[in-house]
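# Geometric and topological summary
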Amino acid sequence: NSTVIKCKAAICWEPKKPLSIEEVEVAAPKAHEVRIKILATGICRSDDHAISGLLTTVPFPIILGHEAAGVVESIGDGVTSVKPGDKVIPLFMPQFGECKVCHHPKGNLCISNEIAQATGLMLDGTTRFTCKGKPIHHFASTATFSEYTVVHENSVVKIDAAAPAEKVCLIGCGFSTGYGAAVNTAKVEPGSTCAVFGLGGVGLSAVMGCKAAGASRIIGVDINKDKFVTAKELGATECINPKDFQKPIQDVLVEKTGGGVDYSFEVIGRTETMMAALASCHMNYGTSVMVGVPPSASAINLDPMLLFTGRTWQGSLFGGWKSKDAVPRLVTDYMGKKFALYALITHTLPFDKINEGFDLLRQGKSIRSVLLF
Ligand code: PAD
Ligand code: ZN
């Protein structure tokens, strides 16, 4: 299949500007590539970090979006794991299957990832999108804010054909990232005490993971108290707003829990809250997990005593899941009602309202907005 498809996409021409809906040309997939018709795509804060210029390595112009579900339209030579018509989820965390990380039992940051170093290009160094004669970059090896996208075979996986795209798109990022941070990275134990900083789509999924792991106390922390209702519905046993206290929130948490929580999660993406989350876990056996994306080139000044006494500080990308193995299983679990996603989806909008979706996120009025083509 060598035909070029003309379709609608949201282009981010430069940082700090609204996305513009344009007609783009999407080239046919080359060898080991897959062209996907996107059915539904969620808006994640990471896309907004790229628009706001916080992630300085992201190349422009670019098509953002990385949390989606769709159907395979065509495949390039040598593709064996999917065929046209398959329902799929694109993977911002690829699983190449051949690299040292993919073979390691612990890791999931596959060598072919676009996260540690963003090129915005396919593996052959070119893009599959053009608009007004200009090549347009792909974000996070997925670029799902387009009616059609092209990804490498390592960055897509087949899922249950019956799964509703407008819900399971969240398994492509937000849900799996937060839930996995609790169950895979922290390995939260039954009876433990947890604190989740930031109750957006990813943080609320971390709350769900803590609950599923059997935590007996889950403290939600957010400066937007409107998030507390859903947090409690999903498993938070109490919620606190740092603005309601005179003293630093880590001191409040240490006092409330008799020395600090067992597990804390930073799901915001700010260096101050990363420090606060670290300091709020128990000085000896507490573990803090960084899930929020740190701004490029930011630095943290750390008192080594915080770690010397025994705390553990970890990061977690895509919830620690090996994506190709885990995503179809998570979809099956969703279909088997092992967890629900409706509480995370506050808005469903037509694709053309993408900028409205970002405004809702920036104003703190949405959890996840899902865009439909
Ligand atoms: P979101 O904006 O929906 O949620 C963030 C929440 O944090 C909001 O409810 C805010 O009110 C709250 N907040 C902001 N500032 C503070 C503060 N100072 N103290 C307490 N609460 C605060 O974002 P999201 O849930 O889509 O994403 C959260 C982060 O996770 C973000 O940095 C995103 O880029 C990152 C992310 N990481 C991965 C990964 O693989 N590690 C994947 C996806 C998203
Ligand atoms: Zn995301």
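Read on for an overview of the structure. What you see is a predicted model, and the numbers here were worked out from it, not measured in a lab.

## Section: the overall build of the protein
Each helix and strand in the protein was counted, giving eleven helices and 18 strands. A compact globule built from 373 residues should have a C-alpha radius of gyration of about 21 Å, and the protein, at 20 Å, falls within 12% of that. Looking at the protein as a whole, 56% of its 373 residues qualify as buried. Nonlocal contacts in the protein, meaning residues at least 24 apart in sequence, comprise 71% of its contacts between residues at least 6 apart. Separation of charge centres in the protein, based on 37 positive and 35 negative side chains, amounts to 2 Å.

## Describing the site of ligand 1
Close to ligand 1 lie 29 residues, the nearest being Arg45, Ser46, Asp222, Ile268 and Arg368. Here Arg45 contributes a side-chain N or O atom positioned 2.7 Å from an oxygen atom of ligand 1. Side-chain polar atom of Ser46 to an oxygen atom of ligand 1: 2.8 Å apart, as the coordinates give it. Burial of ligand 1 by the protein amounts to 91% of the accessible area it has alone, namely 870 Å².

## Digging into the packing of aromatic side chains
For the structure shown, the criterion picks out seven aromatic pairs. One aromatic cluster is present, formed by Phe175, Tyr179, Tyr334 and Phe339 through successive ring pairs.

## Describing the sheet that holds strand S13 (residues 238–240)
The strand order across the open sheet built from six strands is S13-S12-S11-S14-S15-S16, with neighbouring strands paired in parallel fashion. Edge positions in the sheet fall to S13 and strand S16 (312–315), since each of these pairs with one other strand and no more. Each strand axis lies, on average, 20 degrees off the axis of its neighbour in the sheet, ignoring direction. Here strand S15 (residues 287–290) pairs with S16 via four bridges, running parallel. Across the sheet, the residue bridging to Thr287 is Thr312, located in S16. Contacts between helix H4 (residues 174–186) and the sheet are confined to strand S14 (263–266), S15 and S16, with S14 contributing the most and set at about 135 degrees to the helix. On top of the sheet, helix H7 (residues 249–256) reaches strand S11 (193–197), strand S12 (217–221) and S13; it is set at about 150 degrees to S13, its chief contact.

## Considerations on the environment of His137
Tracing the chain through its elements places His137 in strand S8 (residues 134–138). In this structure His137 comes out as buried when scored by relative accessible area, which is 16%. Put simply, His137 and His103 are 34 residues apart on the chain and 29 Å apart in space, counted from C-alpha to C-alpha. In this structure His137 touches Pro59, Phe60, Pro61, Ile62, Ile63, Thr119, Gly120, Leu121, Thr127 and Phe129, once residues within four positions along its chain are discounted. Within the local environment of His137, its side chain forms a polar contact with the backbone oxygen of Pro61, the two atoms lying 2.8 Å apart.

## Side note on empty space enclosed by the protein
All chains considered together, the criterion is met by one cavity of 30 Å³ or more. Contributing to the lining of the largest cavity are Pro94, Gln95, Val101, Cys102, Gly107, Asn108, Cys110, Lys322 and Ser323. For the lining of the largest cavity, the residue count by class is four nonpolar, four polar and one charged.

## Notes on the packing of H4 against helix H5 (residues 201–212)
For the pair H4 and H5, the least separation of the axes is 7 Å and the interaxial angle reads 40 degrees. By the criterion of interaxial angle, the relationship of H4 to H5 is oblique. The handedness of the crossing between H4 and H5 comes out as right-handed. On H5, the residues that touch Gly174, Phe175, Thr177, Gly178, Tyr179, Ala182 and Val183 of H4 are Gly201, Val202, Ser205, Ala206, Met208, Gly209, Cys210 and Ala212. By residue class, the composition of the contact of H4 with H5 is nine nonpolar, six polar and no charged.

## Examining the coordination of the zinc ion (ligand 2)
At the metal site, the zinc ion (ligand 2) is ligated by Cys44 (SG), His66 (NE2) and Cys173 (SG), and these contacts range over 2.0 to 2.3 Å. Here the donor residues of the zinc ion (ligand 2) share one chain and are spaced in sequence as C-x21-H-x106-C. Of this pair, His66 sits in the loop between strand S4 (62–63) and strand S5 (68–75) while Cys173 sits in the loop between helix H3 (165–168) and H4, and the two are 107 residues apart along the sequence. Overall, His66 belongs to the buried group, its relative accessible area being 2%.

## Focus on the layout of surface pockets
Approximately 350 Å³ is the volume attributed to the second largest pocket. Forming the boundary of the second largest pocket are 17 residues, of which Lys106, Gly107, Asn108, Thr185 and Gly320 lie nearest the centre. Only H4, S16 and helix H10 (323–335) provide two or more residues apiece to the lining of the second largest pocket. Tallied by class, the residues present in the lining of the second largest pocket amount to four nonpolar, eight polar and five charged.

## What about the side chain of Lys87?
Structurally, the position occupied by Lys87 is in strand S6 (residues 87–90). For the buried Lys87, no salt bridge exists, and the shortest N-O distance to an oppositely charged side chain is 6.7 Å, to Glu166. Discounting residues that sit within four places of it in the chain, Lys87 has contacts with Leu39, Gly70, Val71, Val157, Lys158, Ile159, Asp160, Ala161, Ala162, Ala163 and Ala165.

What counts and how
Residues numbered from 1 in each chain as written. Chains lettered and ligands numbered in written order. Predicted model: local features only at pLDDT ≥ 70, side-chain atom pairs only at ≥ 80, totals over all residues. Heavy atoms only, no water. Helix = DSSP H or I, 4+ residues; strand = E, 2+ residues; numbered from the N terminus. Rg over C-alpha atoms; globule rule 2.2 N^0.38 Å. Buried < 20%, exposed > 50% of the residue type's maximum accessible area, 1.4 Å probe, protein only. Contact = heavy atoms within 4.5 Å. Lys, Arg positive; Asp, Glu negative; His and termini not counted. Charge placed at Lys NZ, Arg CZ, Asp CG, Glu CD. Near = heavy atom within 4 Å. Polar contact = N/O pair within 3.5 Å; in protein donor to acceptor, adjacent residues only side chain to side chain. Areas by Shrake-Rupley, 256 points an atom, 1.4 Å probe, with all protein chains shown as cover. Phe/Tyr/Trp six-rings, centres within 6.5 Å; stacked < 30°, edge-to-face > 60°. Pairing = 2+ DSSP bridges. Axes fitted to C-alpha atoms, helices over the stretch in contact; angles between N-to-C directions. 1 Å grid on protein atoms, 1.4 Å probe; cavity = no way out; pocket = protein on both sides within 12 Å on 5 of 7 lines; lining within 4 Å. Points joined across faces, edges and corners; volume = space filled by probe spheres on them. Nonpolar A, V, L, I, M, F, W, Y, C, P; charged D, E, K, R; others polar. Parallel < 35°, antiparallel > 145°, perpendicular 65-115°, else oblique. Left-handed = near helix turned anticlockwise from the far one by under 90°. Donors = N, O, S within 2.8 Å, 3.2 Å for Na, K, Ca; no water. Salt bridge = Lys/Arg side-chain N within 4 Å of Asp/Glu carboxyl O.

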